[in-house]
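Listed below are the residues making up each chain.
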Amino acid sequence: MELLIKIILQVAGGLGMFLYGMDVMSKSFQEIAGNRLREIIHKMTSNTFRGILVGTFITAIIQSSSVTTVMVVGFINASLMTLRQAIGIILGANIGATAIGWILAFKITEYGIPIMGIGAFVFLFSKNQKRKKRALIFIGLGLIFLGLTLMKNGIDPLKDMPQFIDFFQVFSAESYRGVIMSAITGAAVTSILQSSSATVGITMALATQGLIIPKTAVALVLGGNIGTTITAYLASLNTRSDAKRAAYAHILIKIVGVSLILPFFYGYASIIGRLTPPEKNVSEYIALFHTLFNIGNTIIFLPFINLLIKFLNKIGSNKKESDIGSYVTEKLYQFPLAALEKSRLEIGQMITRFRDDLYIFRSLIKRELPSDKSILLFEGEKYQDEKKDSIFKNLTGLLHSTDSKDILKSIRLLLLLADTMESLGDYAASLGKIYKKTINNKLVLPQNFINQIDFYHEKIIVSLENLEKITMNPNMQEIINEKKICQDTATALEFVDPLKNVDYPEHIFMEILSKYRRINRHVLFMLVSLQEEIKLQMS
């Protein structure tokens, strides 16, 4: 009994260390690669092959398909991604998730303590924040190896206990019944641990100690593929229909893939055994089985992507869903990048709406639209207020769920940009009031005034278009170029003086250009803020 308690405690301790190491390494990778991941996502198109590459790359970096699929659900929920893109990334994530098996297959687990020691030394004594984050990756990796070693050593005495040998025989994959039972067990364990990597680690520990045969090990891993879908499903609760469909796609892909291979299980296992004999290195055998299964599953599903999307579109609510600002954002906090991208998207929408409002004003002042359309300018002000509230709610919630300095810097910038855009919404209403003055006084501006308004209007519109692009993907050179344009516009508008003693038409003209000058100043301020963000990231 005492030995059994010792085994349980050591295995539990090793498993806890393994899972914590995975968490530390995953979060550290996310922080280091955050901005690069954002750039990759923005460059991604509806091309499924590119989505697969993105999913494979991201998952291989952060070492967790669960995090990737939660990210996908969050991105769809924030309208940052389509269902087609999501399916491509999910297929890629399934391949990327197999990387941990190869890491564990290499016989370097004995170096867990030295790896962790080096990481801890750098983390404790280095003052460079980037170096500290990289050190955390080594600490996480060391914990993974150390945890696996503890589990292996803890399990070792079980091979000399007949009762446990008999117990493991129940799950022996020497028959199809055993294969199915092993797969169900693997699914259940992975659902509880919410980590297929942990299932792979435990399975490798059992197999290397001879407690289970290689076929049982790979059957457990097959089941783990199904169990890992629980995380994305839980993340999809209380989200948009498309976000739910992405989670359903993940579940369907795994269940169908496992169901297809089960009838050919022994033939497939035999082929893998010829490529990598399990008696030589059972860990490599498990890793290869896992990798080729997910690659094969991806190849099988590729021709049926359109059919899968059609099927998924029939699932879930057909009710009209509310505006993006009202979507549930709590799920995004599990992946801060998604929460930040949601806010960037909303700021982009604020810029687009304000640009549309300027077009409306110019058309009104030129008498190209009926006067009742002026209400759109006042509705534009309300729109900006609501968007700002949505962004502030989203980002202040994120503030309480992260301690990353880089994420905090991004939050501060986005709050500043949202606040500035809300101020620009006030200018839309101010221009609406100016237009009403012209209506009330039956004033039609002279053509030379209209021409000058057109000239500066086009300059501001182009600056707003460029600002939207830069906000979504900050680029130092583009910011510098756009700042120069805004500064030239500011210089050209220096003659404007709405307080100058002039006739009424010219006074209205000066008022309009004064608003344009202030709008240009706000755009310049936002560009300077984005430039400061890039400088901070580079420091």
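For the structure, check the block above.
What counts and how
Residues numbered from 1 in each chain as written. Predicted model: local features only at pLDDT ≥ 70, side-chain atom pairs only at ≥ 80, totals over all residues. Heavy atoms only, no water. Salt bridge = Lys/Arg side-chain N within 4 Å of Asp/Glu carboxyl O. Helix = DSSP H or I, 4+ residues; strand = E, 2+ residues; numbered from the N terminus. Buried < 20%, exposed > 50% of the residue type's maximum accessible area, 1.4 Å probe, protein only. Core = buried A, V, L, I, M, F, W, Y, C linked by side-chain atoms within 4.5 Å. Contact = heavy atoms within 4.5 Å. 1 Å grid on protein atoms, 1.4 Å probe; cavity = no way out; pocket = protein on both sides within 12 Å on 5 of 7 lines; lining within 4 Å. Points joined across faces, edges and corners; volume = space filled by probe spheres on them. Expected span 1.5 Å × (residues − 1). Patch = residues over 30% accessible without salt bridge, like charges linked within 9 Å, V, L, I, M, F, W, Y side chains within 5 Å. Areas by Shrake-Rupley, 256 points an atom, 1.4 Å probe, with all protein chains shown as cover.

**Q** So what's going on with the pattern of salt bridges? Which residues, and what values?
**A** Taken as a whole and assessed by the stated rule, the structure comprises 11 salt bridges. Notably, a salt bridge pairs K484 with D488, separated by 3.1 Å at the nearest N-O pair. Note that K484 and D488 are positioned in helix α21 (residues 476-492) at a spacing of four residues, about one turn of the helix. A relative accessible area of 39% places D488 in the partly exposed class. Shared partners join several salt bridges into a network, and the residues in it are R362, K366, E368, D454 and E458.

**Q** Account for the nonpolar core, naming residues and giving values.
**A** The tendency in soluble globular proteins is for nonpolar side chains to be buried side by side. Of all hydrophobic cores here, the largest spans 57 residues; its most connected members are L358, L445 and I512. Elements supplying a minimum of two residues to this core: α17 (336-365), α18 (375-399), α19 (405-440), α20 (447-472), α21 and α22 (504-538). With residues up to four places along the chain from it excluded, the contact list for I512 reads F361, I365, I434, L445 and I453. Of all hydrophobic cores here, the second largest spans 45 residues; its members include F18, A173, A205 and I286.

**Q** Describe empty space enclosed by the protein, with residues and values.
**A** Applying the stated criterion to the full structure yields one cavity of 30 Å³ or more. For the largest cavity, the calculated volume is near 50 Å³. Forming the walls of the largest cavity are S65, N94, A97, T98, S196, N225, T228, H250, K254, H290 and N294. Those elements that provide at least two residues to the lining of the largest cavity are α13 (241-261) and α15 (282-301).

**Q** Account for helix α10 (residues 196-208), naming residues and giving values.
**A** Here α10 contains 13 residues, and its C-alpha end-to-end distance of 18 Å stays within 8% of the 18 Å for a straight helix at 1.5 Å per residue. Buried residues dominate α10, accounting for 11 of its 13 residues. Burial in α10 covers these residues: S196, S197, A198, T199, V200, G201, T203, M204, A205, L206 and A207. Residue G210 follows α10 closely and has a positive phi angle near 80 degrees.

**Q** Can you explain a nonpolar patch on the surface? Please cite residues and give values.
**A** On the surface, V256, L260, I300, F304 and L307 cluster together to form a nonpolar patch covering roughly 450 Å² of accessible area. In this fold, F304 is placed in the loop between α15 and α16 (305-313).

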